[in-house]
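# Architecture and fold: a report
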Amino acid sequence: MIELRHLRTLMALKESGSLAAAAKKRFVTQSALSHQIKELETRINSPIFVRKSKPLSFTLEGSRLLHLAEEILPLVLETETDLKKGLDADANRLRVGIECHSCFRWLMPVMEQFREAYPQAELDLSSRHLFDSLNALDMGELDIVLTSDPVPGHALAYQHLFDFEVKLLVAKDHPLAKETHVVPQQLARLPLISYPVPLARLDIYRHFLEPAGVEAGEQKSCDLTMMLLQRVACKDGVAALPNWSINEAHGLSLTSVKLGQEGLKRPLFGAYRRNSSNARLIQRWLELVAGEGLQHQLKQPN
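Quick caveat: nothing in here was measured; it's all calculated off a predicted structure. (Residues numbered from 1 in each chain as written. Predicted model: local features only at pLDDT ≥ 70, side-chain atom pairs only at ≥ 80, totals over all residues. Heavy atoms only, no water.)

### Points about the pattern of salt bridges
Defined as follows: Salt bridge, as used here: a side-chain nitrogen of Lys or Arg that lies within 4 Å of a carboxyl oxygen of Asp or Glu. Secondary structure counts use DSSP, requiring at least four H or I residues in a row for a helix and at least two E residues in a row for a strand, with both numbered from the N terminus. With a 1.4 Å probe rolled over the protein chains alone, any residue whose accessible area is under 20% of its type maximum counts as buried; one over 50% counts as exposed, and the rest are partly exposed.
Scanning the entire structure with this criterion turns up 18 salt bridges. Close ionic contact of Arg-266 with Asp-149 constitutes a salt bridge, the shortest N to O distance being 2.9 Å. Of this pair, Arg-266 sits in strand 12 (residues 264–273) while Asp-149 sits in the loop between strand 5 (144–147) and strand 6 (156–171); the two residues are 117 residues apart in sequence, bridging distant segments of the chain. Judged by relative accessible area, which is 25%, Asp-149 ranks as partly exposed.

Here it is in structure tokens:
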């Protein structure tokens, strides 16, 4: 098989005009270059150039190979350059997937800090892979996923960022509003207002109602946080949200109640591929998220 090194040697012979000069151009000894030429001539069963010709003269077979080299090598170089640019672009792009509807507001300061630190980087914050984000990460469609539900696997790494509390939100005149905490049985069959997420994926169901064998009430979906809070205030149902969402309830007749005596605590992880080419950006983003998350936790009411 004719290899790229053979073609590069032919180009060096043409450009330098002698074996000694070609060897110097290719950064090999003259003996090594001669051996390479002999190897190629054996493969095509024909000499490549006329020995002892001055200036160096190629045979018909050698001329055909030289023509091939003149066509192929520039394409190889162009492709290598394009691929390198692509890798550089990947190293300066960060695609973040979020499995939480209410994270966007408190992530805005993180985005601002990140863009100040890396003005040339392209940042994409998205929830379009909401129900399949870890698979999208594994397939290379995302670079980071913020998730509370890690899935074991060798290709992905999970960095713990912080823990947050999920609280029950009810109208101030709701019968549960005066409770310091609620037990699962008190929520049996109560209408539950949530983001458009399957019931089986909701923290209040997976980690509070289902383990206690309590059946959830009617699930009512709502896309926007403010609309969801207003519906809770109107006693259309109750909701369970991360404690950072409570800050958005100012001005509404709402109160929050602990889920269980100790509260329902959940972890937040930053998931990423172990072989990511933009590891530097990933680590900086996760550091900023962890710092901002901690600040939010400190601001939350108990």
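### A word on the nonpolar core
This is how it is decided: We call a set of buried residues a nonpolar core when its members are Ala, Val, Leu, Ile, Met, Phe, Trp, Tyr or Cys and they connect through side-chain atoms within 4.5 Å of each other. We call two residues in contact when some of their heavy atoms are within 4.5 Å.
Residues Leu-107, Leu-168 and Trp-285 are the most contacted members of the largest nonpolar core, which totals 61 residues. In terms of residues, this core owes the most to one element, strand 6, which gives eight residues. Excluding residues within four positions of it along the chain, Leu-168 makes contact with Leu-176, Val-182, Leu-187, Ile-204, Val-238, Ala-239, Ala-240, Thr-255, Ser-256, Val-257 and Leu-259. With 18 residues, the next largest nonpolar core counts Leu-10, Ala-12, Ala-22 and Phe-49 among its residues.

### Some points on the environment of Asp-124
By the secondary structure assignment, Asp-124 is in strand 4 (residues 122–126). For the pair Asp-124 and Ser-63, spaced 61 residues apart in sequence, the C-alpha to C-alpha distance is 52 Å. Among residues more than four places away in sequence, those in contact with Asp-124 are Leu-94, Arg-95 and Val-96.

### Topic: the state of the cysteines
As a reminder, the rule being used: The criterion for a disulfide is a pair of cysteine sulfur atoms lying within 2.5 Å.
What the rule picks out here adds up to zero disulfides. The structure places no disulfide on Cys-222, whose sulfur is separated from the nearest cysteine sulfur, that of Cys-234, by 11 Å. Relative accessible area serves as the criterion here: at 63%, Cys-234 is assigned to the exposed category.

### Things to note about the packing of aromatic side chains
Put simply, the rule reads: Here a pair means two rings of Phe, Tyr or Trp (six-membered ring of Trp) with centres within 6.5 Å. Their orientation is stacked below 30 degrees between planes, edge-to-face above 60, and tilted elsewhere. By the criterion adopted, a ring carries a charge over it if an Arg CZ or a Lys NZ lies within 6 Å of its centre and within 35 degrees of its normal.
Scanning the entire structure with this criterion turns up five aromatic pairs. Ring geometry for Phe-114 and Tyr-118: centres 5.3 Å apart, planes at 40°, overall tilted. Tyr-118 carries the same exposure label as Phe-114, and that label is buried. Aromatic pair Phe-114 and Trp-285: ring centres 5.7 Å apart, planes at 80°, arrangement edge-to-face. Remark: Trp-285 occurs in helix 9 (residues 279–299) and Phe-114 occurs in helix 5 (residues 104–117); sequence separation between them is 171 residues. Aromatic ring contacts, followed pair by pair, group Phe-114, Tyr-118 and Trp-285 into a single cluster. Just above the ring of Phe-49 sits the side chain of Arg-51; from NZ or CZ to the centre is 4.4 Å.

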